[in-house]
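# Coordinates in review
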Amino acid sequence: MAEIRVMREDLLPPKEPPRRHLISIGDLEREDVERLLATARSFERSLERELKKLPTLRGKTVVNVFYESSTRTSSSFELAAKRLSADTMSIKAAGSSVDKGESLKDTALTLGAYDPDVIVIRHPQIGAPQLVARFTGAHVVNAGDGKHQHPTQALLDLYTIQEELGRIEGLHVAIVGDVLHSRVARSNIQALALMGARVTLVGPPPLIPRGIEAMGCEVAYEIDAIKAADVVYVLRMQRERMAEGANYVPSLREYTARWGVTAERLRPGQKVMHPGPMNRGVEIDGAVADAADALIERQVRSGLVVRMAVLYDLLTHGPAGVQAGALHEIGAA
Amino acid sequence: MLFGKTGEENLVVRGARVIDPAEGVDALLDVRVDAGVVAQLGTNLETNEHRVIDGEGLVLAPAFVDPHVHLRTPGREDEETIATGSAAAAAGGYCAILAMPNTEPVVDSAPVLGSLTEAAQTDAEVPVGFLAAITKGQEGAELTEMAELGDAGAAGFTDDGRPVVAPGLMRRALQYSSVTGRRLALHCEEPTLSKGGQMHEGAVSAELGFAGYPSVAESLMVARDLALAGYERRPLHLMHMSARESVEALSRAQVGGVAATGEVTPHHLCLTDEAVRSLDSNVKMNPPLRAEEDRQALIAGLRDGTIAAVATDHAPHARHEKEVPFEAAPFGVTGLETAFPALYTHLVEPGLLKLETVLERMSTGPARAYGLDAPRIAVGAPANLVLLDLNASRRVAESDFRSRSANSWLLGETVKGQVRLTVAAGRVAYEG
């Protein structure tokens, strides 16, 4: 039977063309995620070699445009592109024509005129990556758009879980904190649900968006709910959200007292993750962040290889395509 | 109260299915117009050397009245003018439209209003009525000089685009507007609940990450204003209703004897918040597209007459202002040229509303809500007629718009139901 199936697949037209853009986890199928994680793993092995640079994307251009401050995401994309021998250019909103009031459309048209192969964009407004995709011919990678999506963060989190716990399917992940304002949470809920994990959101009611259960997660308001999880994913508590009069929570002090992730609230062996940057002593206790069960540094390392995998996947025709030799070269069977 | 070109057309529309729900007419008839007035209905009418229009296979109905249009003049003539907006109205089958006062400057004084009514006399392809503001500068602090504005021809009063936030001021507006004999029309939005909201609060906003604009932000204000109207025994008109709870509150108030009317837009009748998944700025409007249960309640409210009127809330925006990420885009979509085909395609064809209901709510309903003479197909009535081809389809394309803006939610969609002829105030305003 299996042989017949293979033959039938041979008769089918080639698999879907590679994704043009990575804007939302919602655009991906499970096979896409599995392929990306497998590619990341082969890149991770390649980085163990003495010469860390691969020739795979030689001659390609990757432009990073960051309209919001970022350390780990922008540096990780830049290094990922360099490790693959692509030319990179990074533009920050401050000090650029954006400061002079240029619209995103015009910035996109300007950058598009250089024919970049990939534009990586972070923007405070939802939908900015779609707009750039509309006005340029480049592959667009969303490095965070407002409160909407941060797909490479979710992919690197999946990769970290897969590598550290050996599987994703069937695991229980508690996401704790300010879900309302978190693109990381939205991408992770979708990604974890796609891969068969169970997700529980935990936090104060005003910070858990109404109707979010429809994404395929559960909601609990008591911090005790994290005890049942295999992985506790702590979200950054953004101080600017606590501006006077916003009243999402009465005070950071009360938030920490009620929802801060401390050693006492965890059970031994639970893994702890955080997308960074952390507010030690607010959403996460310093001792928890530094403990052996914390995967926070591992997440950063995963970020590099996952972003290499994303760039590779967008710019080649996938593992079965013309660039198959490149994967072979770096040791993937 | 209406200002624009009029005519004394002589014509005969032959063999159309004449539907005037308010007059109880639905028959294959010829209609003769003499000097801009309906002169005779019957079969095989004498043409008297009038121009003859073949109506065979078409529907002839009272032309539409749009109680909610933004003409953007004065101030944003790059987005719309009296001439282009009224030409768009004519192409949509309208014989009268009401323009909102949230312009730059706001229509809050007789001189500003006078400049508009004067311009409309020469520029307006179909008669236009102008609403004036309830409060000076629409700032929600001081009442405008409503009596003088009424004398200068204001068709009603509204702070549309903004709610009248203070209940005490709303009450004074209801009391004082009685001296004008004109309606107050209200944009119901509780601003601390809608603050920052980009779309309906629900499962879709939760997933997309947009700040939510919950239904209760509207229905709370609707309930307050209906309570005040009941207490003051004054009529009022609720604009662009979007939430199920608002329809329920209006229905309860009407049963309780409040003289309240309501309007709903084609986009709230045809779309839900699911459409926002496209992140297309042409589905961003205030109030936002809501959930399917809200849409069904709006359709039911229109069907049973709780909601008297369809209003387009035609809100033109410059292309560069909409070609931005969803969150940065202004609220509003155009609608004058697509209202009938949108409703026919999305509601009449699937059997959700009867054609007669749609025709009535686009014509008689809105006219009555504002105390205007309703368009009629009856001997002696001014000729306000629309000839519709229900079988003709077209793909909505930017290049076809007479409006100066093209921020339509229907771009690229194929819709059924085309306007072939619009006669407004006795004058042929559009032929297509």
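Please read these numbers as outputs of a predicted model, since none were measured by experiment. (Residues numbered from 1 in each chain as written. Chains lettered and ligands numbered in written order. Predicted model: local features only at pLDDT ≥ 70, side-chain atom pairs only at ≥ 80, totals over all residues.)

## As for the overall build of chain A
Within chain A, the secondary structure is distributed over eleven helices and nine strands. For chain A, the residues scored as buried account for 45% of the 333 residues in total. Counting contacts in chain A only where the partners sit at least 6 residues apart, residues at least 24 apart contribute 73% of the total. (Helix = DSSP H or I, 4+ residues; strand = E, 2+ residues; numbered from the N terminus. Buried ≥ 20, exposed ≤ 12 C-beta atoms within 10 Å, placed from the backbone. Contact = placed C-beta atoms within 7 Å.)

## Quick word on the interface of chain A and chain B
Residue-level contacts link 21 residues of chain A with 17 residues of chain B. Elements with a minimum of two residues in the side of chain A that touches chain B: helix H4 (104–112), helix H5 (128–135) and helix H7 (183–194) of chain A. Looking at the side of chain A that touches chain B, the element that brings in the most residues is H5 of chain A, giving three residues.

## What to know about the domain arrangement of chain A
Residues and elements named next belong to chain A. Taken as a whole, chain A is organised into domain 1 (10–150) and domain 2 (151–298). Here the C-alpha centre of domain 2 lies 25 Å away from the C-alpha centre of domain 1. With 20 residues of domain 1 in contact, the opposing surface of domain 2 contributes 19 residues. Counting residues per element, the ones that place at least two in the side of domain 1 that touches domain 2 are helix H2 (30–46) and strand S4 (139–145). The residue makeup of the side of domain 1 that touches domain 2, split by class, is eight nonpolar, eight polar and four charged. (Domains from an automatic or database assignment. Nonpolar A, V, L, I, M, F, W, Y, C, P; charged D, E, K, R; others polar.)

## Here we look at the environment of Glu8 of chain B
As for its placement among the helices and strands, Glu8 of chain B is situated in the segment before strand S1 (11–20). Those residues in contact with Glu8 of chain B that lie beyond four places of it in its chain are Ala35, Gly36 and Gly426 of chain B.

## Description of the packing of H4 of chain A against H5 of chain A
All names here are of chain A. Packing of H4 against H5 brings their axes to within 9 Å, and their N-to-C directions diverge by 45 degrees. Classified by the angle between their axes, H4 and H5 sit oblique to one another. The way H4 lies across H5 gives a crossing that is right-handed. Contacts between H4 and H5 involve Leu104, Lys105, Ala108, Leu109 and Gly112 from the first element and Ala128, Leu131, Val132 and Phe135 from the second. Looking at the contact of H4 with H5 residue by residue, the class counts come to seven nonpolar, one polar and one charged. (Axes fitted to C-alpha atoms, helices over the stretch in contact; angles between N-to-C directions. Parallel < 35°, antiparallel > 145°, perpendicular 65-115°, else oblique. Left-handed = near helix turned anticlockwise from the far one by under 90°.)

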